[in-house]
Amino acid sequence: MEVFSVMLVLPLFWTLTWDSVVSDSIIHIGAIFDESAKKDDEVFRLAVADLNLNEEILSTEKITFSVTFVDGNNPFQAVQEACDLMNQGILALVSSIGCMSAGSLQSLADAMHIPHLYIQRAPSGTPRSSCSVTHPTKSEDYTLFVRPPVYLNEVILKVIAEYAWQKFIIFYDTEYDIRGIQDFLDKVSQQGIDVALQKVENNINKMITGMFTTMRIEELNRYRDTLRRAILFMSPSTAKAFISEVVETNLVAFDCHWIIINEEMTDLDVQELVRRSIGRLTLIRQIFPLPQNTSERCVRGNHRISTSLCDPKELYSQNMEITNRYIYDTVLLLANAFHKKLEDRKWHSMASLTCIRKNSKPWQGGRSMLETVKKGGVSGLTSLLEFNDNGVNPNIYFEILGTNYGEDLGRGVHKLGSWTPISGLNGTLTDRKLENNMRGVVLRVVTVLRADVGISALTITPDRENVVDFTSRYMDYSVGVLLKKAERTMDMFACLAPFDLSLWACIAGTVLLVGLLVYLLNWFNPPRLQMGSVTSTTLYNSMWFVYGSFVQQGGEVPYTTLATRMMMGVWWLFALIVISSYTANLAAFLTITRTENSIQSLQDLSKQTEIPYGTVLDSAVYDHVRTKGMNPFERDGMYSQMWKMMNRSGGPENNVEESQEGIRRVRYGNFAFVWDAAVLEYVAINDADCSFYTVGNTIADRGYGIALQHGSPYRDIFSQRILELQQNGDMDILKQKWWPKDNQCDLYSPVNTKQKGSALDIKSFAGVFCILAAGIVLSCFIAMLETWWNKRKGSRVPSKEDDKEIDLEHLHRRVNSLCTEDDSPHKQFSTSSIDLTPLDIDSLPTRQALEQISDFRNTHITTTTFIPEQIQTLSRSLSAKAASGFAFGGVQDHRTGPFRQRAPNGGFFRSPMKTMSSIPYQQTPSPGFNFGNDPDRGTSI
């Protein structure tokens, strides 16, 4: 760091110190630099400071200098500044400018006899072009060309001859003078080589974008084929940007071979260019061989060069341009010439020269100083600097670097050879071809526009064959349709699904109608019931009996008449047929889901209009359907219908922009997607919900292929390998891997069901449980209502309208309980009379009038009761008022007698002596009823 600081401070020190004694100094150098080359001035000052510290070269005298900057494209300014320097009394003029101003300075130097050491500079590191510098006569030529002539034409011609190129394109940037390679273009044209030229604009991105927008596909393909071989005459920075842009836009392929030739390329530039490029790269640059012994690298004769300049590992040395190196060596060359002139005592003082006057005289010692400089030579940063008789430095050394196909470009830079004007090309340049095994080849496989290899669902079509090259087909192609499976929906009232709602209504109406008819038939022709039957033929019981027989639960009322039995027989047959049909249809509904979608082929799809369908706009499938549907030579009725649906309203309505959008529309809407069958099958197989199924043609009319660039050397390799995979059966194994036949999703079933059967779940019978729950709730409500009604009914005094019917069941139970007592004589009852205790009679319901009970018609027993209306229903004793209605005479009040205990055999009140008070029969006249003449009522109670 300290050494570097000294190098920057010393030039300033010498400038401030020696400017005051410039007029007194005898060694004064003038320098003219391009205003864009500030580093030339920095290295020039560093070289002067370094030499003035060296006592071995200039022991008594020191070098002074004057520096000026000019516009490289303004010759008048350059001449004016040079005149000012000559007026200051300079011994030599050092210039580092372009060719345009160099010619003017050459003329001025020749006229004033001032040695002019010219270092050609190219703008912004662009490759140099040959300068058109005139040489009138040798004796009058005072310009020495420090930097060797441009040998780029000779080098590049030799390189392309080694590579045997017959067609290539030359790219050059805006700063490069294309006239510099005119001789090269003439020579390659004479050899029949096809060469194209293209200028690279400063905005490279805009240029590439414009090419894509203005060129047609065919033109772009031809252009890409031209780009497979290219030469770049550019600065390193422009070459980096250009290579990056064409690689990112896929304009170049892996089999491309580009040559970059530029003297101004550092090691960092080489590494960066190789990293950004693809394919094969050849780089040609100028280098300066260094001594093998590292201790001798910074020592040049009697001069020691600073470490920061001579050590290639130093950052300052790596950033030095070639003109910087030649400037340093030029100052060293002049110092040695001055030393020799002083040592030989042949010094010619320099007086001020005026180049404006017409009669101004040149410097008399200019020729002597020029010859001393020309004959001298130094070993510096540019190896050996010397001049031939023409005043040209012949020493130049070109290094040729390169990469091979398939190598890691970051580490695959090799030295292929070298070139010098004397020995020519040293080394052999061979364009190594790709081997069939492609071992070590790294390819970029993508599924986007114009790359090395395109692998996708890419069908081989004639239009695509015009753009890319295809391998042999590796898989068959057919058009398919992706549809959504019908949902297997379960209705909670699936138990009602076997019958229509109207049928259920008819069945319910039939139950009511038949129940009413049964009641009416029994009312008109009452049946004879057996002794002990307690079921009445009411409308309620008839309805219940008909419903019970319908649900196969039997009935409770025996109907004995012929008409009723005929009616019930027909009803039972009807119920058998209905229940059997319901059971069979219910099983089908619970196990099999009806198919809602009947599309099983492309023909079915084309005939229906309920489900819209489409494909990707401007795709191969879209063109295929359009051709089959519209081309009169290939017209097909099915495709004609499909084209009408897909092209309705111009196409955008039913078609999509990309395949993913079509799959999404099938999943979430009523839509069928027409696309490649293989792609659709893969989508259906890998769907987590198994919600898709596919239909398509079984005939494959085309195939899938791998797309490569036109003229790609990999096509035959890929095709051969595909045939080997098909022959060995490996392709079938790969297809089975990605399209397995035993996958969990059924690709061809339109119903969303699994392959294996599954048990019925709760959803299938949810309706039955709902009906049961509703019945339970309704029953509980009715039970609460009945309980409330019974309590309300029992809490009020019965009126004349209450209890119009005797509880014969209770009476029958009491009679049976009495009949099961012991065989006492008073327990023997005849069919003509039944004895009841007064308390039993007292417990009977209150009756307003006499009522005939005819539940014992089959036994020819008639029971007639005479119950006064004053007797209350809930009374447990025979009141005096009640007893007055009977012909007992005076009766003892039983509430205080022995009848207050309950009998163990179920009787209400019995005496301990088991004696009963017989109630004698007494006829009571009744004008309203004439029961005495009724033969069925011969017995009274």
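Residues numbered from 1 in each chain as written. Predicted model: local features only at pLDDT ≥ 70, side-chain atom pairs only at ≥ 80, totals over all residues. Heavy atoms only, no water.

### A word on the sheet that holds strand E10 (residues 280-286)
- Reading across from one edge, E7-E6-E8-E9-E10-E15-E16-E17 is the order of the 8 strands in this open sheet, with mixed pairing throughout. Only two strands of the sheet have a single partner each, and these edge strands are strand E7 (194-200) and strand E17 (424-426). Shown here is a sheet whose adjacent strand axes are inclined to one another by a mean of 20°, direction ignored.
- Sheet topology note: the strand E15 (residues 398-402)/strand E16 (residues 414-420) ladder contains 5 bridges and is antiparallel. (Pairing = 2+ DSSP bridges. Helix = DSSP H or I, 4+ residues; strand = E, 2+ residues; numbered from the N terminus. Axes fitted to C-alpha atoms, helices over the stretch in contact; angles between N-to-C directions.)

### So, the pattern of salt bridges
- Enumeration according to the criterion identifies 21 salt bridges in this entry.
- The shortest N-O distance in the salt bridge between Lys187 and Asp183 comes to 3.5 Å. On the criterion of helical spacing, the pair formed by Lys187 and Asp183 is a turn pair, its members being 4 residues apart in helix H6 (residues 182-190).
- Of the residues examined, Lys187 reaches a relative accessible area of 34% and is grouped as partly exposed.
- Bridged by salt links that share partners, the residues Arg128, Arg147, Glu263 and Glu264 form one connected network. (Salt bridge = Lys/Arg side-chain N within 4 Å of Asp/Glu carboxyl O. Buried < 20%, exposed > 50% of the residue type's maximum accessible area, 1.4 Å probe, protein only.)

### Focus on a nonpolar patch on the surface
- A grouping of Leu513, Leu516, Leu517, Leu520, Trp523, Phe524 and Leu539 is seen on the molecular surface, where their side chains present a nonpolar patch of about 680 Å² in accessible area.
- Relative to the elements of secondary structure, Leu520 occurs in helix H16 (residues 501-524).
- The exposure class of Leu520 is partly exposed, given its relative accessible area of 33%. (Patch = residues over 30% accessible without salt bridge, like charges linked within 9 Å, V, L, I, M, F, W, Y side chains within 5 Å. Areas by Shrake-Rupley, 256 points an atom, 1.4 Å probe, with all protein chains shown as cover.)

### Brief notes about empty space enclosed by the protein
- Inspection of every chain in the model, using the stated rule, returns 4 cavities of 30 Å³ or more.
- Counted as a void, the largest cavity has a volume near 120 Å³.
- Looking at the largest cavity, it is lined by 14 residues, and the ones nearest its centre are Asn221, Arg224, Asp225, Gln709 and His710.
- Here the residues of the lining of the largest cavity are counted per class, giving 7 nonpolar, 3 polar and 4 charged. (1 Å grid on protein atoms, 1.4 Å probe; cavity = no way out; pocket = protein on both sides within 12 Å on 5 of 7 lines; lining within 4 Å. Points joined across faces, edges and corners; volume = space filled by probe spheres on them. Nonpolar A, V, L, I, M, F, W, Y, C, P; charged D, E, K, R; others polar.)

### Focus: the sheet that holds strand E2 (residues 64-70)
- In space, the 5 strands of this open sheet follow the order E2-E1-E3-E4-E5, with parallel pairing throughout. Two strands bound the open sheet, and with one partner strand each, they are E2 and strand E5 (143-145). Each strand of the sheet is rotated relative to its neighbour by a mean of 20°, with strand direction disregarded.
- Sheet strands in contact with helix H13 (residues 322-343) are strand E1 (28-34), strand E3 (92-96) and strand E4 (116-118), and its direction is about 175° off that of E3. (Contact = heavy atoms within 4.5 Å.)

### Structural notes on unusual backbone geometry
- A positive phi is found at His113, a non-glycine position, where the angle reads about 60°.
- Turning to its location among the elements, His113 is positioned in the loop between helix H4 (99-112) and E4.
- The phi torsion at Ser383 lies on the positive side, around 65°, for a residue other than glycine.
- Within the secondary structure layout, Ser383 lies in strand E14 (residues 383-385).

### A few points about the packing of helix H20 (residues 620-630) against helix H21 (residues 637-646)
- For the pair H20 and H21, the least separation of the axes is 7 Å and the interaxial angle reads 125°. As summarised for this structure, H20 and H21 are arranged oblique, according to the angle between their axes. As H20 runs across H21, the sense of the crossing is left-handed. Packed against H20, whose contacting residues are Tyr622, His624, Val625, Arg626, Lys628, Gly629 and Met630, the element H21 presents Tyr639, Ser640, Met642, Trp643 and Met646 at the interface. (Parallel < 35°, antiparallel > 145°, perpendicular 65-115°, else oblique. Left-handed = near helix turned anticlockwise from the far one by under 90°.)

### Here's the deal with the state of the cysteines
- Counted according to the given criterion, the structure contains 3 disulfides.
- Residue Cys298 pairs covalently with Cys310 via a disulfide, S to S 1.6 Å. Torsion about the S-S bond of the Cys298 and Cys310 cystine: about 55°, corresponding to right-handed handedness. In this pair, Cys298 sits in the loop between E10 and strand E11 (299-300) while Cys310 sits in helix H11 (residues 307-310), placing the two residues 12 residues apart along the sequence.
- Looking at Cys310, the relative accessible area reads 4%, which means it is buried. (Disulfide = S-S within 2.5 Å.)

### Describing the pairing of E3
- Here E3 lies mainly inside the structure; 5 of its 5 residues are buried.
- Along E3, one buried face is formed by Ala92, Val94 and Ser96 and the opposite face, lined by Leu93 and Ser95, is buried too.
- The sheet contact formed by E1 and E3 spans 5 bridges and is parallel. Considered in E3, the bridge of Phe33 is made with Ser96.
- In this fold, the crossover linking E3 to E4 by way of H4 has right-handed handedness. (Right-handed = clockwise from strand over helix to strand, strands pointing away.)

### Quick look at the confidence of the model for the protein chain
- Model confidence for the protein chain is summarised by a mean pLDDT of 75, while 70% of its residues fall at 70 or above.
- Under a pLDDT of 50 for its full length, residues 799-806 has, in the predicted model, 17 contacts with residues more than four places off or in other chains.
- Taken together, the stretch residues 821-941 has pLDDT below 50 and engages in 161 contacts with residues farther than four places along the chain or on a different chain. (pLDDT = per-residue confidence, 0-100.)

### What to know about the side chain of Thr68
- With respect to the element layout, Thr68 can be found in strand E2.
- Here Glu81 takes part through its side chain, which lies 2.8 Å from a polar atom of the side chain of Thr68.
- Discounting residues that sit within four places of it in the chain, Thr68 has contacts with Ala31, Ile32, Phe33, Glu81 and Leu85. (Polar contact = N/O pair within 3.5 Å; in protein donor to acceptor, adjacent residues only side chain to side chain.)

### Let's talk about the packing of aromatic side chains
- Considering all chains together, one arrives at 20 aromatic pairs under this definition.
- For the ring pair Phe171 and Phe242, a centre distance of 4.8 Å and an interplane angle of 50° mean the geometry is tilted. One end of the pair, Phe171, is in strand E6 (residues 167-173); the other, Phe242, is in helix H9 (residues 236-248), and 71 residues separate them in sequence. Side by side, Phe171 and Phe242 carry an identical accessibility label, which is buried.
- Both rings, one in Tyr682 and one in Trp739, keep their centres 6.0 Å apart while their planes meet at 65°; by these two values the pair is edge-to-face. Taken together, the residues Tyr682 in helix H23 (residues 677-685) and Trp739 in the loop between helix H25 (730-738) and helix H26 (766-794) connect sequence positions 57 residues apart.
- Among the residues examined, Tyr682 registers a relative accessible area of 34% and is labelled partly exposed.
- Among the aromatic side chains, those forming a connected cluster through ring pairs are Phe33, Phe44, Phe65 and Phe69.
- Between the NZ or CZ atom of Lys38 and the centre of the ring of Phe69, over which it lies, the distance is 4.2 Å. (Phe/Tyr/Trp six-rings, centres within 6.5 Å; stacked < 30°, edge-to-face > 60°. Lys NZ or Arg CZ within 6 Å of the ring centre and 35° of its normal.)

### Let's talk about helix H8 (residues 217-226)
- When H8 is considered as a whole, its buried residues turn out to be Leu220, Asn221, Tyr223, Arg224 and Thr226.
- In the core, the buried residues of H8 are packed alongside E6, E7, helix H7 (204-214) and strand E8 (229-233).

### Regarding the pairing of strand E22 (residues 479-484)
- Most of E22 sits out of view: 5 of its 6 residues are buried.
- Pairing of E22 with strand E24 (residues 672-676), which is carried by 4 bridges, proceeds in the antiparallel orientation. Across the sheet, the residue bridging to Gly480 is Trp675, located in E24.
- The sheet contact formed by E22 and strand E25 (residues 692-696) spans 5 bridges and is antiparallel. Considered in E25, the bridge of Leu483 is made with Tyr693.

### Focus: the side chain of Thr420
- You can see Thr420 is positioned in strand E16.
- On the basis of relative accessible area, Thr420 is assigned to the buried category, the value being 14%.
- Leave out the neighbours within four places in its chain, and Thr420 touches Ile396 and Tyr397.

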